[in-house]
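# Structural overview
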Amino acid sequence: MELSTILRPECTTCATPGSKKKVLELISDLAAVQYPTLSSQEIFESLLAREKMGSTGIGNGIAIPHGRLSNIDQPVAVLVKCAEPIAFDAIDNQPVDILFALLVPADQCEQHLSTLAAMAEKLNDKAIVKQLRKTQDESELYQVITQ
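The present account deals with the structure reproduced in this document. (Residues numbered from 1 in each chain as written. Predicted model: local features only at pLDDT ≥ 70, side-chain atom pairs only at ≥ 80, totals over all residues. Heavy atoms only, no water.)

## Observations concerning helix α2 (residues 40–53)
The first and last C-alpha atoms of α2 sit 21 Å apart over 14 residues, in line with the 20 Å expected at 1.5 Å per residue. Elements in contact with the buried residues of α2: α1 (20–34), β4 (66–69) and β6 (96–105). The first or second residue beyond α2 is glycine 54, which carries a positive phi of 150 degrees. (Helix = DSSP H or I, 4+ residues; strand = E, 2+ residues; numbered from the N terminus. Expected span 1.5 Å × (residues − 1). Contact = heavy atoms within 4.5 Å.)

Written out as structure tokens, the structure is:
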């Protein structure tokens, strides 16, 4: 799957959220603005419910928050690069500065898992992560992740 099919440039941002809760709220707000069928609160609750099962911080400063929503028919992605790393309860106990959030239709579990696996693989590439961290703005961030 091409990332550009699920990640819009408008859902790619550089920010200073300050906390795990605030970055999940930012992700929810970005997705809700771009996809009018989604409510920010519903997205936030979906992401929060998944985090309560265990942190989606996969280590090396990266997190892949995700959730399922019943009122979408295509996956929706949001990419956030934090100016300052935030505590995220990651598996390596390191703060997180790159978050790739994925919202998927509740009835598409298989696609959800394969998309998450593909994203995790991409973010496991040290060269890509290094490029993401060097980006100066949203446009550059989007280009690096979708190339």
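## Focus on the pattern of salt bridges
With the rule as written, the count across this model stands at 4 salt bridges. Linking lysine 20 and glutamate 51 is a salt bridge whose minimum nitrogen-to-oxygen distance equals 3.0 Å. With lysine 20 in helix α1 and glutamate 51 in helix α2, the pair connects residues that are 31 residues apart, well separated along the chain. For the pair lysine 20 and glutamate 51, a shared accessibility class is recorded, and that class is buried. Between aspartate 97 and arginine 133 there is a salt bridge, with its nearest N and O atoms 2.8 Å apart. With aspartate 97 in strand β6 and arginine 133 in helix α4 (residues 126–134), this residue pair connects regions lying 36 residues apart in the sequence. Of the residues examined, arginine 133 reaches a relative accessible area of 34% and is grouped as partly exposed. By sharing partners, the salt bridges in this structure join Lys20, Glu51 and Asp89 into a single network. (Salt bridge = Lys/Arg side-chain N within 4 Å of Asp/Glu carboxyl O. Buried < 20%, exposed > 50% of the residue type's maximum accessible area, 1.4 Å probe, protein only.)

## Focus: unusual backbone geometry
A positive phi angle, near 60 degrees, is found at asparagine 60, a position not held by glycine. For asparagine 60, the position within the fold is in the loop between β2 (57–59) and β3 (62–63). The phi angle at asparagine 93 is positive, at roughly 60 degrees, despite the residue not being glycine. One can find asparagine 93 in the loop between β5 (76–86) and β6. On the basis of relative accessibility, which here comes to 67%, the residue asparagine 93 falls in the exposed class.

## What to know about α1
Over its 15 residues, α1 extends 22 Å from the first C-alpha to the last, a length consistent with the 21 Å expected when each residue adds 1.5 Å. If you check which residues of α1 are buried, you get Lys20, Val23, Leu24, Ile27, Ser28, Leu30, Ala31, Ala32 and Gln34. For α1, the elements touching its buried residues are β1 (7–15), α2, β5 and β6.

## Some remarks on the packing of α4 against helix α5 (residues 138–146)
The relative placement of two packed helices comes down to the angle between their axes together with the axis-to-axis distance. Packing of α4 against α5 leaves a shortest axis separation of 9 Å and a crossing angle of 170 degrees. Taken together, the axes of α4 and α5 are roughly antiparallel relative to one another. For the pair α4 and α5, the contacting residues are Ile128, Gln131, Leu132 and Lys134 in the first and Glu140, Leu141, Val144 and Ile145 in the second. A breakdown of the residues in the contact of α4 with α5 according to their chemical character gives 5 nonpolar, 1 polar and 2 charged. (Axes fitted to C-alpha atoms, helices over the stretch in contact; angles between N-to-C directions. Parallel < 35°, antiparallel > 145°, perpendicular 65-115°, else oblique. Nonpolar A, V, L, I, M, F, W, Y, C, P; charged D, E, K, R; others polar.)

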